[in-house]
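Architecture and fold: a report
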Amino acid sequence: MKPKVFITRELFKEPIERISQYYEVEVWDRYHQPPYEVLLGKAREVEALVSLLTDRIDCRLLQSSPRLRIVAQYAVGFDNIDINCATKLGIYVTNTPGVLTESTAELTWALILAVSRRIVESDVFVRWGEWYRSSTAWHPKMMLGFELMGKTLGVVGLGRIGRRVAEIGVRGFGMKVVYYDVVRNYEAEREIGAEFRELRDLLREADIVTIHVPLTPQTKHVINEDYLRLMKKTAILVNTARGAVVDTNALVKALREGWIAGAGIDVFEEEPLSPNHPLTALKNAVLVPHIGSATYEARYSMADAVADNLIAFYEGKLPPNLVNRDVVNLRSPGFK
Ligand code: NAP
């Protein structure tokens, strides 16, 4: 008999077909995520789960799922999963790193350009007739933004995505890169001239601060009021990592009171964001709905990576994107 897998949202046809050669597949085909209680019930009945970042895979769920052997997350971030608990229970957790690096780095640049050149504001200006009503086709001071060439890009978290964003900054826009990370990245220092800074120094120095750390207890609200006050008044903050890395209330104050010039935000502490949220009233913020990896290429490859991880596990091999490596000390991969 095939092991069962519950997939919490409709992915792509071919990767699902690949998975179904090894597993009995059930897909949650509604647009909305399965409610927690439903997830709890499904997880009890299956050997494998494919989760999204909106699915809460907590210790309660893991402990009450005696058959569960693997959680294959359809994302690179896994802050929705209690990893320590999974490891203690011998449950493998995998993610989909690398295949969404390019898409997320490109979205980061889309936001940087949208804020620095006031693209969204300008679009509204044209679309809603303000330009037309002004009866002025061109003015030396209309919609002024700032150039990127020669400016300093501050990368918080120089991992896969941060490294790619930095490279585009140096090679594409002639920027200087400073970075902060828990470990020094000597390869990036050599190849693109990135310079290490402590976080406080990076915030003081950078014209653009872009965040690429995972959400962990150490990074939660790391960009708080004190840190936002260190930034230049002309600087912009971009977050395509996780909303809770930034203290949103402090960010609203910073944007409203002009401690910083603008922000480009893809990820929020509260998702989906209410249209009544104070951020939506701020012209100097560009807001997009968590679309960092939202390209056909990335989302398809993520589904393929999920299939690769599940199939490797089925075959008794280490899944290529194993997150909790210590789990191998407790249990070998596979269902035997
Ligand atoms: P990654 O390669 O693991 O990069 C993260 C970097 O941050 C690593 O260099 C890591 O160092 C460093 N780091 C970890 N904790 C830190 C801390 N406390 N202080 C400073 N640096 C720290 O991950 P990635 O593939 O670039 O993805 C980064 C994050 O982006 C993901 O975790 C995810 O939350 C987010 N993301 C969002 C979207 C979206 O749709 N908006 C899409 C993809 C990813 P170590 O490697 O030494 O831990």
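Residues numbered from 1 in each chain as written. Predicted model: local features only at pLDDT ≥ 70, side-chain atom pairs only at ≥ 80, totals over all residues. Heavy atoms only, no water.

It is worth spelling out the side chain of Ser-116 at this point. Position of Ser-116 relative to the elements: it lies in helix H5 (residues 101–116). According to the relative accessible area criterion, Ser-116 is buried, its value standing at 1%. If sequence neighbours within four positions are ignored, Ser-116 has contacts with Gly-145, Phe-146, Leu-148 and Ile-236. (Helix = DSSP H or I, 4+ residues; strand = E, 2+ residues; numbered from the N terminus. Buried < 20%, exposed > 50% of the residue type's maximum accessible area, 1.4 Å probe, protein only. Contact = heavy atoms within 4.5 Å.)

Scanning the entire structure with this criterion turns up one cavity of 30 Å³ or more. The volume enclosed by the largest cavity comes to roughly 70 Å³. Along its surface, the largest cavity is lined by Asn-239, Gly-243, Val-246, Thr-248, Leu-251, Ile-265, Val-267, Phe-268, Glu-269 and Leu-279. Classifying every residue of the lining of the largest cavity by side-chain character gives six nonpolar, three polar and one charged. (1 Å grid on protein atoms, 1.4 Å probe; cavity = no way out; pocket = protein on both sides within 12 Å on 5 of 7 lines; lining within 4 Å. Points joined across faces, edges and corners; volume = space filled by probe spheres on them. Nonpolar A, V, L, I, M, F, W, Y, C, P; charged D, E, K, R; others polar.)

This paragraph deals with the environment of Gly-316. Within the secondary structure layout, Gly-316 lies in the segment after helix H13 (296–314). The exposure class assigned to Gly-316 is partly exposed, which follows from its relative accessible area of 40%. C-alpha separation for the pair Gly-316 and Glu-257, spaced 59 residues apart in sequence, amounts to 57 Å. Among all residues touching Gly-316, those that are not within four sequence positions of it are Pro-333 and Gly-334.

Turning next to the site of the ligand. In the vicinity of the ligand there are 25 residues, among which Arg-160, Ile-161, Asp-181, Thr-240 and Asp-266 approach most closely. Contact between the ligand and Gly-159: an oxygen atom at 3.5 Å from a main-chain N or O atom of the residue. A distance of 3.3 Å separates an oxygen atom of the ligand from a polar atom in the backbone of Gly-292. Contact with the protein chains removes 81% of the 920 Å² of surface that the ligand exposes when unbound. For the shell around the ligand, the per-class residue count stands at eleven nonpolar, ten polar and four charged. (Near = heavy atom within 4 Å. Polar contact = N/O pair within 3.5 Å; in protein donor to acceptor, adjacent residues only side chain to side chain. Areas by Shrake-Rupley, 256 points an atom, 1.4 Å probe, with all protein chains shown as cover.)

This brings us to the domain arrangement of the chain. Taken as a whole, the chain is organised into domain 1 (4–99 + 296–329) and domain 2 (101–287). Taking only C-alpha atoms, the centre of domain 1 and the centre of domain 2 are 32 Å apart. Of the residues lining the interface, eight residues belong to domain 1; the matching set on domain 2 comes to five residues. Of the roughly 580 Å² buried where domain 1 meets domain 2, counting both sides, 46% is carbon and sulfur surface. We note a salt bridge from Arg-242 to Asp-79, for which the minimum N-O separation is 3.0 Å. Taken together, the links from domain 1 to domain 2 amount to two residue pairs in polar contact (both at pLDDT 80 or more). When the residues that make up the side of domain 1 that touches domain 2 are grouped by side-chain class, the tally is five nonpolar, two polar and one charged. (Domains from an automatic or database assignment. Buried area = accessible area lost by both parts, 1.4 Å probe. Salt bridge = Lys/Arg side-chain N within 4 Å of Asp/Glu carboxyl O.)

A few words on the layout of surface pockets. Here the second largest pocket is characterised by a volume of approximately 540 Å³. Lining of the second largest pocket is provided by 26 residues; of these, Glu-121, Leu-282, Lys-283, Asn-284 and Ala-285 occupy positions nearest its centre. Elements represented by at least two residues in the lining of the second largest pocket include exactly H5, helix H6 (119–127) and strand S12 (285–287). Top element by residues in the lining of the second largest pocket is H6. It accounts for five residues. Of the residues belonging to the lining of the second largest pocket, the class tally is 16 nonpolar, six polar and four charged.

This next bit is on the state of the cysteines. As enumerated under the stated definition, the model contains one disulfide in all. In this model Cys-59 forms its disulfide with Cys-85; the gap between the sulfur atoms is 1.9 Å. The sign of the S-S torsion, about 75°, decides the handedness of the disulfide formed by Cys-59 and Cys-85: right-handed. One end of the pair, Cys-59, is in helix H3 (residues 59–63); the other, Cys-85, is in helix H4 (residues 83–88), and 26 residues separate them in sequence. Taking the relative accessible area as the measure of exposure, Cys-59 reaches 22% and is therefore partly exposed. (Disulfide = S-S within 2.5 Å.)

Looking now at helix H12 (residues 248–256). Those residues of H12 not exposed but buried are Thr-248, Ala-250, Leu-251, Val-252, Ala-254 and Leu-255. Tucked into the core, H12 has its buried residues touching helix H11 (225–230), strand S10 (236–239), strand S11 (262–265) and S12. By the N-cap criterion, in which a side-chain oxygen at the helix start approaches the backbone nitrogen of a residue two or three places on, H12 is capped by Asp-247, the distance to Asn-249 being 3.1 Å. Backbone geometry just downstream of H12 places Gly-258 in the positive-phi region, at approximately 75°.

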